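# Close look at the chain arrangement
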Amino acid sequence: MFKNKFISFFLVPVLLSFLLIPLFAEAEYAPSIVLYGEELMLNPDYAAIGVYGDPLIVKRFGEMYGELPEPQEQKWSDVTGQLEWRYLGYVKPYVDDDAEPFPNFDFPPDAGGDPANRPYRNFIQNPWFVKHPNTGCNLCARNDPSYVEQIKKIWDPLIKNQLLAYNLPDFMADVSAIDVYWKVQSYPLPGELYGSLCEWHWVNGYPWYESYRLILRVYPDYAVTNLQLSSDSFVAGNSYYAAAKVAQIDPNYSMSESVKLTATLNGVQIYSKDIGLSNSDGEKSYNIPFVHPGGPVNIVVKINGGNVAGDENHAIAEQGRYDNNQMEVKGGSGTVIIINPDPEPEPEEEETANLSVANLQLLNSNGQPVTGTVVVNKQYQVKATFKSTFDVGGNAKVRFYVKDNHYGTMSVNKEETVYFSPGGTVTKTWDWSGTTSEVTLIATVAYRWWDQQSKYVEEPFVSMTETTYEDNEKEMGVAGTALPSGPTTAISWQYPLYYHPYVNMVVPIYEEYTVPVYGYKEVPFTKDTSDGKIRVYLVE
């Protein structure tokens, strides 16, 4: 059991890239565990971190068995704007008959939880062998050795850099610390992986701990791999080119991103192009034309902003790996490798007048990308980015479709008319709930699905036809999960209802009719008995 004080703050949940799923293929949770003779079901809201039961069960067990040194209380959180429980439920440890309570990362920090003190803490070694002074129980259960070996594979730099960012000392961010100081609090699951590490430290003779939510994310690593000039001799005013090769070299990052490739000649920019690049492309070649200015030539090619330090200085973060983002070559009086003694620059790609779906992502409630598997009835957001290369502005329809892969049916979930500025980009985000079936999420622009003909219909943009419609649609396949087993959870909803007021009224109905009169006919007559007034006026 956990028998110690809990502190939590500055914790960020995130999804681990699906490429690391094979490392954790055996990390699966049972549908239930038995604690104090009672069967606790896997909580569908926190299944990704293996939490069983709910906060009220933690409260009841704590009162019955006195398992917690602090009460299972609720405190108001200014971050979430609601009351938060200290613990969410229980997680099954590696070697203990009893489960351990799992902390709520949204619970407000207890007194003394100052991140500035982290470098100076008296960290507890082997907390799984240290007894709590009040209960006599170990502070935590031991780690699963096989899981420790798995997490070591992604420690540097994925986990190491994050622990350093938490202001922890260097030795706590070293991979050797996992065997001495760190408790692996939750086990990642394939498809939706959350990680949590916990450390213990002494505060006035009392053991306190802090849990750290990990951002297990994979980053790209863009590189200029080769750069050569097309000749070793030059004539001022003649045209030449520089041959550049670029690649995304991190094998764990499979997404295709639009990244900028630029080149300068003696400090003046002569080339800029947005290119699509993924690790499956290998090296991609680009010929950069230039006119020799006379005198020495210095050409610098950069991808994703060059080798400037800091993720914040680049359009796409590469986790600090920017040393290989640029390369330079010099020519003129010096000797360079001849690529082609009689070169002909490759023709520039034809400018297109086009609308396209540049990117399509599925995000969880924390705004992190989701791939592969979704949880039934869980709320997600579909984020699509659309781009125009037209030199005029105008309106176009963007749509979000869901295709059932089993039945082959297409349904439109959202349709909107958006305005594209000349060469502009538009991003739309739509809500979507996870399903139990395997589906394909589809975003389109100016491209309508015609169900009766089972094909797309091309739509003009400001009365103009696009160069191609092949990129007006982008798809993303996801697999649903089965409904969770076990008893259903009671949920209540409240909806405001409005009724228009009404009143019973008696409204007279008048009927008009005409009857013929022959001779004479007696009709009702009421004599006016009021006194008349005499009025006099002068006339000429």
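Residues numbered from 1 in each chain as written. Predicted model: local features only at pLDDT ≥ 70, side-chain atom pairs only at ≥ 80, totals over all residues. Heavy atoms only, no water.

### Quick word on the overall build of the protein chain
Within the protein chain one finds four helices and 29 strands. The proportion of buried residues among the 540 residues of the protein chain is 42%. Here the analysis covers contacts within the protein chain between residues at least 6 apart in sequence; of these, 68% occur between residues at least 24 apart. Entry remark: accessible area of the protein chain is about 30600 Å², with carbon and sulfur atoms responsible for 51%. (Helix = DSSP H or I, 4+ residues; strand = E, 2+ residues; numbered from the N terminus. Buried < 20%, exposed > 50% of the residue type's maximum accessible area, 1.4 Å probe, protein only. Contact = heavy atoms within 4.5 Å. Areas by Shrake-Rupley, 256 points an atom, 1.4 Å probe, with all protein chains shown as cover.)

### As for the pairing of strand β29 (residues 473-479)
Bridge analysis of strand β21 (residues 372-373) against β29 gives two bridges, and the strand direction is parallel. For G372, the partnering residue across the bridge sits in β29 and is V478. Taken together, the seven bridges between strand β26 (residues 438-445) and β29 define a ladder with antiparallel strand orientation. Pairing of L441 across the sheet is with M476, part of β29. (Pairing = 2+ DSSP bridges.)

### Observations regarding the sheet that holds strand β17 (residues 297-303)
With antiparallel pairing, the four strands of this open sheet are ordered in space as β15-β14-β17-β18. Because the sheet does not close on itself, it has two edges, and the strands there are β15 (268-277) and β18 (326-331). Averaged over all adjacent pairs, the angle separating strand axes in this sheet is 15°, with direction ignored. With nine bridges joining them, strand β14 (residues 257-265) and β15 adopt antiparallel strand pairing. Residue pairing in the sheet places T262 in a bridge with S272 of β15. (Axes fitted to C-alpha atoms, helices over the stretch in contact; angles between N-to-C directions.)

### Section: the packing of aromatic side chains
Enumeration over the complete set of coordinates arrives at 19 aromatic pairs. Between the aromatic rings of F123 and Y181, the centroid separation amounts to 6.4 Å while the plane-to-plane angle is 75°, which identifies the pairing as edge-to-face. Highlighted residues: F123 in strand β8 (residues 122-123) and Y181 in the loop between α4 (170-173) and β9 (183-186), separated in sequence by 58 residues. In textbook terms, an aromatic cluster arises when at least three aromatic residues are bridged by ring pairs, as seen for Y36, F61, Y65 and Y90. (Phe/Tyr/Trp six-rings, centres within 6.5 Å; stacked < 30°, edge-to-face > 60°.)

### Thoughts on the pattern of salt bridges
All chains considered together, the criterion is met by 15 salt bridges. Of the charged contacts in the structure, one is a salt bridge between E199 and R121, with a shortest N-O distance of 2.8 Å. Taken as a pair, E199 in strand β10 (residues 195-203) and R121 in the loop between β7 (100-103) and β8 lie far apart in primary sequence, 78 residues in all. Since its relative accessible area comes to 0%, E199 is described here as buried. Linking K428 and E416 is a salt bridge whose minimum nitrogen-to-oxygen distance equals 2.9 Å. On the criterion of sequence distance, the pair formed by K428 in strand β25 (residues 425-433) and E416 in strand β24 (residues 410-420) is long-range, its members being twelve residues apart. (Salt bridge = Lys/Arg side-chain N within 4 Å of Asp/Glu carboxyl O.)

### A closer look at the sheet that holds strand β12 (residues 222-229)
Strand order across the open sheet formed by three strands is β12-β13-β16, with antiparallel pairing between neighbours. With partners counted over all chains shown, the strands left at the sheet margins are β12 and β16 (284-291), one partner each. Ignoring strand direction, the axes of neighbouring strands in this sheet form an average angle of 25°. Where β12 lies against strand β13 (residues 239-248), seven bridges are found, and the strand directions are antiparallel. Following the sheet pairing, V224 is matched in β13 by V246.

### Here's the deal with the nonpolar core
Soluble, globular proteins show a tendency: their nonpolar side chains are buried together. The biggest cluster of nonpolar side chains holds 28 residues, and the ones touching the most others in it are L362, F386, F420, W432, L441 and V445. Elements that contribute at least two residues to this core include exactly β19 (355-363), β22 (379-388), β23 (394-404), β24, β25, β26 and β29. In contact with L362, not counting residues within four places along its chain, are Q368, P369, V370, V374, Y380, Q381, V382, W432, L441, M476 and V478. Membership of the second largest hydrophobic core comes to 25 residues, among which are Y286, F290, I299 and I303. (Core = buried A, V, L, I, M, F, W, Y, C linked by side-chain atoms within 4.5 Å.)

### A few points about the side chain of D404
Position of D404 among the secondary structure elements: in strand β23. Looking at D404, its side chain comes within polar contact range of the main-chain nitrogen of Y407, at 3.1 Å. Aside from chain neighbours lying at most four places away, what touches D404 is T409, S437, E438 and V439. (Polar contact = N/O pair within 3.5 Å; in protein donor to acceptor, adjacent residues only side chain to side chain.)

### As for the pairing of β13
Burial within β13 is extensive, with eight of its ten residues counted as buried. Taken together, the eight bridges between β13 and β16 define a ladder with antiparallel strand orientation. Bridged to Y241 within β16 is P289.

### Considerations on the environment of A247
Summarising the element assignment, A247 is placed in strand β13. Since its relative accessible area comes to 5%, A247 is described here as buried. Sequence-wise, A247 and N279 are 32 residues apart; in three dimensions their C-alpha atoms are separated by 7.0 Å. Beyond its immediate stretch of four places on either side in the chain, A247 contacts D221, Y222, A223, T225, L277, G282 and E283.

### Let's talk about the confidence of the model for the protein chain
Mean pLDDT over the protein chain stands at 79; residues scoring 70 or higher make up 79%. Overall, residues 333-343 carries pLDDT values under 50, and its contacts beyond four positions in sequence, including any with other chains, amount to 20 contacts. (pLDDT = per-residue confidence, 0-100.)

### A closer look at unusual backbone geometry
Of note in the backbone geometry, N266 takes a positive phi value of approximately 50° without being a glycine. Assignment of secondary structure puts N266 in the loop between β14 and β15. Residues other than glycine seldom take positive phi values, yet S454 does so here, at roughly 55°. Mapped onto the elements of the fold, S454 is located in the loop between β27 (447-450) and β28 (455-458).

### Brief notes about helix α1 (residues 55-65)
When α1 is considered as a whole, its buried residues turn out to be P55, I57, V58, F61 and G62. Taken down its axis, α1 places every buried residue within 155° of arc, on the same side. Across from the buried face of α1, at angles greater than 90 degrees, the exposed residues are L56 and E63. Capping of α1 at its N-terminal end is provided by D54; its side-chain oxygen lies 3.1 Å from the backbone amide nitrogen of L56. G66 lies just past α1 and shows a positive phi near 60°. (Arc of directions from axis to C-beta.)

### Section: a nonpolar patch on the surface
On the surface, V392, V462 and M464 cluster together to form a nonpolar patch covering roughly 190 Å² of accessible area. Mapping V392 onto the fold places it in the loop between β22 and β23. On the basis of relative accessible area, V392 is assigned to the partly exposed category, the value being 33%. (Patch = residues over 30% accessible without salt bridge, like charges linked within 9 Å, V, L, I, M, F, W, Y side chains within 5 Å.)

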